[in-house]
Amino acid sequence: METLTTRGRAARLAATVLGLAVLLAGTAWGTDDHFPFGPFRMYSTSNPPNSPAPDTRVEGVDSSGAVVDLGERATGIRRAEIEGQQSRYAADPALLAEVADAYAERHPGAAELVEVRIVVRWHGIRQGRPTGRWTDETVVAWRADR
């Protein structure tokens with residue numbers, strides 16, 4: 001077994017110090033986008049015990065008026081991708097046309113979507129337990145001009 005040279009030790013020490021410095025800076029000033037060098041807050045926080053819990057979904061309305069679930073199986077778009085870009089969709093609801101296009105591509109024989117919306121279902125929570133009650137809030141909606 002060969003021994004590590006002084007230069008090799010110095011290089012490893014420098015890499016370790018640099019990695020720790022980036023990790024510390026990311027923890028102090030980073031966002032979730034900087035993971036793994038930034039904080040990953042998804043599991044590190046919780047809501048107060050009496051605050052409603054959000055459950056986001058995407059749904060569409062087809063030309064017959066039927067409500068269609070636009071989850072990952074229907075569109076190929078993960079819910080996390082929608083939630084992560086929700087502020088962009090709110091700023092420009094026309095971006096939801098991409099969801100309608102993804103649905104049409106996967107379901108060529110289905111009725112055309114005339115509306116796509118992001119809906120948050122707020123589940124009631126009391127003392128950390130679900131109450132069984134909820135309210136739905138449409139946070140973004142796009143209507144087709146076709």
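Above this text is the structure in question.
What you see is a predicted model, and the numbers here were worked out from it, not measured in a lab. (Residues numbered from 1 in each chain as written. Predicted model: local features only at pLDDT ≥ 70, side-chain atom pairs only at ≥ 80, totals over all residues. Heavy atoms only, no water.)

Asker: Pulling in residues and values, what's your account of the sheet that holds strand 1 (residues 53-62)?
Answerer: Spatially, 2-1-3-4 is the arrangement adopted by the 4 strands of the open sheet, whose pairing is antiparallel. Since the sheet does not close on itself, it has two edges, and those belong to strand 2 (67-69) and strand 4 (129-143), each with one partner. Taken pair by pair, the neighbouring strands of this sheet meet at an average axis angle of 35°, ignoring direction. With 3 bridges connecting them, strand 1 and strand 2 associate as antiparallel partners. The residue of strand 2 that forms the bridge with Gly60 is Val68. Contacts from helix 5 (residues 97-106) reach strand 1, strand 2, strand 3 (113-126) and strand 4 within the one sheet, and its direction differs from that of strand 3 by about 105°. (Pairing = 2+ DSSP bridges. Helix = DSSP H or I, 4+ residues; strand = E, 2+ residues; numbered from the N terminus. Axes fitted to C-alpha atoms, helices over the stretch in contact; angles between N-to-C directions. Contact = heavy atoms within 4.5 Å.)

Asker: Residues and numbers for the nonpolar core, please.
Answerer: Counting residues in each nonpolar core, the largest one holds 17 residues, and the members touching the most others are Leu70, Leu96 and Val116. For this core, the elements supplying multiple residues, two or more each, are helix 5, strand 3 and strand 4. Apart from residues lying up to four places away in sequence, Leu70 is in contact with Val58, Glu59, Gly60, Thr75, Val99, Tyr103, Leu113 and Val116. (Core = buried A, V, L, I, M, F, W, Y, C linked by side-chain atoms within 4.5 Å. Buried < 20%, exposed > 50% of the residue type's maximum accessible area, 1.4 Å probe, protein only.)

Asker: Tell me about helix 5, and please be specific about residues and values.
Answerer: Of the positions making up helix 5, those classed as buried are Ala97, Val99, Ala100, Ala102 and Tyr103. Lining the buried residues of helix 5 we find strand 1, strand 2, helix 2 (72-75), helix 3 (79-84), strand 3 and strand 4.

Asker: Talk me through the pattern of salt bridges; I want residue IDs and the actual numbers.
Answerer: What the rule picks out here adds up to 9 salt bridges. Of the charged contacts, one joins Glu81 and Arg78 as a salt bridge, the two residues approaching to 3.1 Å between their closest N and O atoms. The exposure class of Glu81 is partly exposed, given its relative accessible area of 37%. Judged by relative accessible area, Arg78 falls into the partly exposed class, the value being 43%. What you see here is one network of salt bridges that share partners, running through Arg57, Glu59, Glu115, Arg117, Arg121, Asp136 and Arg143. (Salt bridge = Lys/Arg side-chain N within 4 Å of Asp/Glu carboxyl O.)

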